[in-house]
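Report on the structure
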Amino acid sequence: MSFVVTTARILAEMFGVNWNSQDLLPERIAQILAAVKVPEFRPSSKVIITDESVDKPEEDTVTGDELEDAAVRIQRVMGNSAGDQAMGWRFNHLKPADFEKDDDSNGHIDFITAASNLRAEMYSIDPADRLKTKRIAGRIVPAIATTTAAVAGLVTIELIKIVKKSPIEHYKNCFLNLALPVLVFSEPGAVERTVVKDGLSFTLWDKWEVRGHKDFTLQDFLNYFKGKHGFEVTMVVHGVRMIYVPVMPGHRKRLPQTLLKLIKPSQGKKYVDLVVSFESDNSEDIPGPPVRYYFS
């Protein structure tokens, strides 16, 4: 009940909804909640297609950047079209709720107490009363400000070293605890390099790139590694989907098909990262980094 009341109160202030102390009385809240019709739970009827040969329905077009997609949706809602005008007005008149722990009339500490105690109950953690919550919350803001400033300064120093292309001996890792205070610096080690053969190696930061085109087939993909490195490709995986495994029934029939058809990328997607397994002429497994395939 406390979480419902404090959340509704903060949202009302953000959206400019008028309310008074009578609206927060327990009997009034109970009356409102009693009128709420909770829809009956129905299991999802979604059908999961496991047959890889069946064409799957096209997914909604996304740019790949969740923040950018969210911004586009918000701008759409805030538009001036007839259907969105009321909602757009509400968004344009939103008032941010600036946290203030020392003002008991704003309900901020009450909200934090209710929300944190709900989460604590989920994980069998002892709940905290309002006073303890206020004391903890009061320490967070100055701690965030000072720690963020220290971390930002340390990161900026390391970025300058990257711009100057300094040797690895000049870089530093830092462990800091401003409450003690303690600052411990150490030198990072060189990244581990896996040697595939003479003149060919990779690190965990590397990707092998293959640039294809709309007619680039799976066979062309296999031939690329055979011709460049002398490796036989024994498996190609995209996410959780097996694109090519020679021992799987029907997979050899995919060789003349284009990767564009086999992978079915979303509209606007320029590349995908594939997991590829290799084998030498002696039938020995060969390690390799992820392979980034460009569609054009």
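As shown above, the structure is provided for reference.
Below is a short write-up of the structure. (Residues numbered from 1 in each chain as written. Predicted model: local features only at pLDDT ≥ 70, side-chain atom pairs only at ≥ 80, totals over all residues. Heavy atoms only, no water.)

In terms of regular secondary structure, the chain is built from eight helices and 10 strands. Among the 296 residues that make up the chain, the fraction classed as buried is 22%. Considering only contacts in the chain between residues 6 or more positions apart, those separated by 24 or more positions represent 50%. Accessible surface for the chain amounts to roughly 21,900 Å². Of this, 58% is attributable to carbon and sulfur atoms. (Helix = DSSP H or I, 4+ residues; strand = E, 2+ residues; numbered from the N terminus. Buried < 20%, exposed > 50% of the residue type's maximum accessible area, 1.4 Å probe, protein only. Contact = heavy atoms within 4.5 Å. Areas by Shrake-Rupley, 256 points an atom, 1.4 Å probe, with all protein chains shown as cover.)

Before going further, it helps to examine the nonpolar core. If you look at the biggest cluster of nonpolar residues, it comprises 27 residues, and the most contacted ones within it are F221, F278 and Y293. For this core, the secondary structure elements donating two or more residues are strand 4 (200-202), strand 5 (208-211), helix 7 (218-228), strand 6 (232-238), strand 7 (241-244), helix 8 (259-263), strand 8 (271-279) and strand 10 (291-294). Leaving out residues up to four positions away in the same chain, F278 has contacts with W208, F225, F231, E232, V233, T234, E284, D285, I286, G288 and V291. (Core = buried A, V, L, I, M, F, W, Y, C linked by side-chain atoms within 4.5 Å.)

Right, let's get into the pattern of salt bridges. Evaluation of the coordinates by the stated rule reveals 13 salt bridges. Across the pair E209 and R211 runs a salt bridge, and its minimum N-O distance is 3.6 Å. Note on R211: relative accessible area 53%, which makes it exposed. (Salt bridge = Lys/Arg side-chain N within 4 Å of Asp/Glu carboxyl O.)

A separate point is a nonpolar patch on the surface. The grouping of M1, F3, V4, I32, L33, V36, V38 and L118 at the surface amounts to a nonpolar patch, some 710 Å² of accessible area in total. When residues of the nonpolar patch are traced back to their parent elements, those giving at least two are helix 1 (2-15) and helix 2 (26-34). (Patch = residues over 30% accessible without salt bridge, like charges linked within 9 Å, V, L, I, M, F, W, Y side chains within 5 Å.)

Mapped onto the secondary structure, R241 falls in strand 7. Since its relative accessible area comes to 18%, R241 is described here as buried. Reaching out from R241, the side chain makes a polar contact with the backbone oxygen of L262 at a distance of 2.7 Å. (Polar contact = N/O pair within 3.5 Å; in protein donor to acceptor, adjacent residues only side chain to side chain.)

Turning next to the side chain of T133. Inspection of the secondary structure puts T133 in helix 6 (residues 130-163). Classification of T133 by relative accessible area gives buried; the value is 6%. Apart from the residues within four sequence positions on either side, T133 is in contact with I109, I112, T113 and A128.

Within the chain, K165 stands out as a residue other than glycine whose phi angle is a positive 55°. Among the structural elements, K165 can be located in the loop between helix 6 and strand 1 (173-177). Backbone geometry places S283, a non-glycine residue, at a positive phi of 65°.

To continue, consider the pairing of strand 5. The alternating pattern of strand 5 places W208 and V210 on a buried face, while none of E209 and R211, on the opposite face, is buried. Here four bridges tie strand 5 to strand 10, and the two strands are oriented parallel to one another. When the sheet's bridge partners are listed, R211 is paired in strand 10 with Y294. (Pairing = 2+ DSSP bridges.)

As a further point, take the packing of aromatic side chains. Inspection of every chain in the model, using the stated rule, returns 12 aromatic pairs. When the centroid spacing of 6.2 Å and the interplanar angle of 75° are considered together, the rings of F202 and W208 count as edge-to-face. W208 carries the same exposure label as F202, and that label is buried. Here the aromatic rings of F225 and F278 are separated by 5.0 Å at their centres, their planes lie at 55°, and the arrangement is tilted. Of the two residues, F225 is situated in helix 7 and F278 in strand 8; the sequence distance between them amounts to 53 residues. Taken individually, F225 and F278 each receive the classification buried, so the pair is uniform in this respect. Taken together through their ring pairs, the aromatic side chains of F202, W208, F216, F221, Y224, F225, F231, F278, Y293 and F295 make up a single cluster. (Phe/Tyr/Trp six-rings, centres within 6.5 Å; stacked < 30°, edge-to-face > 60°.)

Next up on the list: the pairing of strand 10. In strand 10, alternate side chains face the same way, and those of V291 and Y293 on one face and R292 and Y294 on the other are all buried. Summarising the sheet, strand 8 and strand 10 pair through four bridges and their orientation is antiparallel. Bridged to Y271 within strand 10 is Y294.

Right, let's talk about helix 5 (residues 108-122) for a bit. For helix 5, which comprises 15 residues, the first-to-last C-alpha distance of 22 Å matches the rise-based estimate of 21 Å (1.5 Å per residue) to within 8%. Looking only at helix 5, the buried set comprises H108, I109, T113, A114 and A120. S124 sits one or two residues past helix 5 and shows a positive phi near 55°. (Expected span 1.5 Å × (residues − 1).)

Tracing the backbone shows K95 in the loop between helix 4 (85-92) and helix 5. If sequence neighbours within four positions are ignored, K95 has contacts with E13 and M14.

Below, the discussion takes up the packing of helix 1 against helix 5. Put simply, helix 1 and helix 5 touch, their axes get as near as 9 Å, and they point 135° apart. Judged by the angle between their axes, helix 1 and helix 5 are oblique. Every pair of crossing elements has a handedness; the one defined by helix 1 and helix 5 is left-handed. Of the residues in helix 5, those touching helix 1 at S2, F3, T6, T7 and I10 are H108, D110, F111, A114, A115 and L118. Here the contact of helix 1 with helix 5 is composed, by residue class, of six nonpolar, four polar and one charged. (Axes fitted to C-alpha atoms, helices over the stretch in contact; angles between N-to-C directions. Parallel < 35°, antiparallel > 145°, perpendicular 65-115°, else oblique. Left-handed = near helix turned anticlockwise from the far one by under 90°. Nonpolar A, V, L, I, M, F, W, Y, C, P; charged D, E, K, R; others polar.)

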